[in-house]
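Structural overview
Residues per chain, in single letters:
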Amino acid sequence: MTNEELINYISAWNQDAEFQLPATGENQLIGILEDIPSPFLNIEIPASHLKTFLQRLKEDPELDFDVLFNMAGMDWGKTLGVIYFLESYTKKHAITVSVQSEDRENPLLPTVSDLWFAAHLHECEIYDMFGIRFEGHNGLKRLFLTPDFEGFPLRKDYEDDYMIIRK
Amino acid sequence: MIDLKNSVQSDIKTQEYFLNMGPQHPATHGVLRLILKLDGETVVGIEPDLGFIHRGIEKMCEYDTYRQIIHLTDRMDYLSSHINNEAVALAVEKALEVEVSDRIKVIRTMMDELTRIASHLLWWGVMGMDIGALTTFMYAFRDREMINEIMEETTGARLTMSYNIPGGVMFDLHPGFPKRVKEFIKHMRQVLPEYDRLLTGNIIFQKRMKGVGILKKEDALNWGATGPVARGSGLHTDIRKRFPYSAYDRVEFEEAVEEGGDNLARYQVRMREMYESLDILEQLVDNIPEGPYQMPMRNLIKLPKGEFYQRVETARGELGVFIVSDGKKNPYRVKFRSPGFSNLNALLKVGLGWKIADLVAIMSTFDFVIPDIDR
């Protein structure tokens, strides 16, 4: 499917009584930050709907997103977030789904490692670097850093005068 | 005659215990530590302990300019350093909408394929060593030396080349480059059948490889495997074919795909890829177009606001470079989707149920480079 067909197809889910995409209107559906364009079709979704939405993307036979080829943690300043990069091996289309968490103290998102096991280590890495916990993850731990490491280094407000040289 | 197989009770349960494999284990080729949960000699759980060589490259990128980032990517998968460089260079060029000359595209493609052969040669030699055939190491390193010399002549470095820059390559090709590449192709075509005679047909080797470490097709997709690992399970995942970059759209080559999903399939994918790489080199070596080797670019590169993604096929699988730019001279965020990291994810499941000695063989055919996992 082309990006346009994808967005039409997914927008139609709004009419489904069981499933409501939270944002109606095209602009709110596309693009994580209005002024930052993305190379893929980007759908922003609130954390409460994330799991059902991703599950539907995976299980819908027309979409068939069977590969999670990348996962990136993000620090957008006020919010923390995760971007899921999905593609379909058979249908040859790709999409990104981004989710944000307002809570910087104790961010919590549902795990997707039960849908795509590819997320298993990615979620550990994001927990390690951004401090986002994934509910239901089997064996979430600090992956690269020691368990007693303080702070989450890839956050923008992480301070380390000794190790980080600001140029 | 005593039936040995049935006289030993197979359902005896022993107490499960833990064993550390690494970080100094010779078969892990670097500082990878796997905590194995064992039942007798059978692996029932694998827990990776990473970070021994974690340098925080993604964080360092946030304080570096786009020209400097290239030099960090060399240190990720140091055996595919040229291809890593290219991924960043392509992402920056895509963001700035710079179209590079044909000469640059062809030079990059040829260097990619030389890098791929060098990486596969090292893998072949070291893999033989892992399962007890020391001679392969000598053979592979003898032939890999020829590539190192070609690289050294043109780029000035043997391993961490940093040859790609945004908008082209650092230097023009050395005049002796085509001649040396031709010599190398001729030499490789002679020695590759020798490799097969030395190792592939060996009965011990076959027993270690055939039917061991099976990765099913649908599992490979779900567990995040890419590159030769996924192609050994019958998946057509080659980025060079799916999203051609540089000069891959103008060369003919066959994507090496095997259906077996076991160690032998992954082995054969890499062996076939070396032949395909030679084919690509052969098609390009006489057709290097004239033109500039660098496109005019500002010294201080600032990308427009946006997210940029570039996928390339390294010797180990798919490398994704994700750059988020807020318009300044440094990126807002860089994420490297490294092939080794995702393949390790698949190993955590593939390794279950096999003996420790099989795990060593499986890890060899997964071909890990640890700095690529840790970044």
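Look up: the structure comes first, before these words.
Residues numbered from 1 in each chain as written. Chains lettered and ligands numbered in written order. Predicted model: local features only at pLDDT ≥ 70, side-chain atom pairs only at ≥ 80, totals over all residues. Heavy atoms only, no water.

Here we look at the packing of aromatic side chains
Enumeration according to the criterion identifies 17 aromatic pairs over all chains in this entry. The ring of Phe141 of chain B carries the charged tip of Arg144 of chain B above its face, separated from the ring centre by 5.5 Å. Directly above the ring of Phe69 of chain A sits Arg311 of chain B, whose terminal nitrogen or CZ lies 4.1 Å from the centroid. (Phe/Tyr/Trp six-rings, centres within 6.5 Å; stacked < 30°, edge-to-face > 60°. Lys NZ or Arg CZ within 6 Å of the ring centre and 35° of its normal.)

So, the pattern of salt bridges
Opposite charge on two side chains allows them to pair when their charged atoms are near. Residue and element names in this part refer to chain B. By the definition in use, this model includes 42 salt bridges over all chains. A salt bridge links Lys105 to Glu99, with the shortest nitrogen-to-oxygen separation between them at 2.7 Å. Its relative accessible area of 56% is what places Glu99 among the exposed residues. Note that Glu183 is salt-bridged to Lys179, the shortest N-O span being 3.4 Å. Of this pair, Glu183 and Lys179 are both found in helix α7 (residues 177-200), 4 residues apart, which corresponds to roughly one turn of the helix. According to the relative accessible area criterion, Lys179 is exposed, its value standing at 58%. (Salt bridge = Lys/Arg side-chain N within 4 Å of Asp/Glu carboxyl O. Buried < 20%, exposed > 50% of the residue type's maximum accessible area, 1.4 Å probe, protein only. Helix = DSSP H or I, 4+ residues; strand = E, 2+ residues; numbered from the N terminus.)

Here's the deal with the sheet that holds strand β7 (residues 318-325) of chain B
What links the strands of a sheet is backbone hydrogen bonding, and the strands pair in either a parallel or an antiparallel sense. Residues and elements named next belong to chain B. Strands sit in the order β6-β7-β8 across an open sheet of 3 strands; the sheet is antiparallel. Strand pairing shows two members of the sheet lacking a second neighbour, β6 (306-313) and β8 (333-337), which therefore form its edges. For this sheet the average axis-to-axis angle between neighbouring strands, irrespective of direction, equals 10°. Along the sheet, helix α4 (residues 81-96) makes contact with β6, β7 and β8, crossing β6 at roughly 145°. (Pairing = 2+ DSSP bridges. Axes fitted to C-alpha atoms, helices over the stretch in contact; angles between N-to-C directions. Contact = heavy atoms within 4.5 Å.)

A closer look at the interface of chain B and chain A
Of the residues lining the interface, 45 residues belong to chain B; the matching set on chain A comes to 46 residues. Both faces considered, chain B and chain A share a buried interface measuring about 3800 Å² in area, 56% of it formed by carbon and sulfur atoms. Considering only the surface of chain B that becomes buried against chain A, Tyr63, Glu307 and Tyr332 of chain B emerge as the three largest contributors, covering 18% of it. Here Arg311 of chain B ties to Glu87 of chain A by a salt bridge, and the two come within 3.0 Å at their closest N and O atoms. Counting the contacts that link chain B with chain A gives 21 residue pairs in polar contact (both at pLDDT 80 or more). Top element by residues in the side of chain B that touches chain A is helix α13 (residues 339-350) of chain B. It accounts for 6 residues. Considered class by class, the residues forming the side of chain B that touches chain A number 15 nonpolar, 12 polar and 18 charged. (Buried area = accessible area lost by both parts, 1.4 Å probe. Polar contact = N/O pair within 3.5 Å; in protein donor to acceptor, adjacent residues only side chain to side chain. Nonpolar A, V, L, I, M, F, W, Y, C, P; charged D, E, K, R; others polar.)

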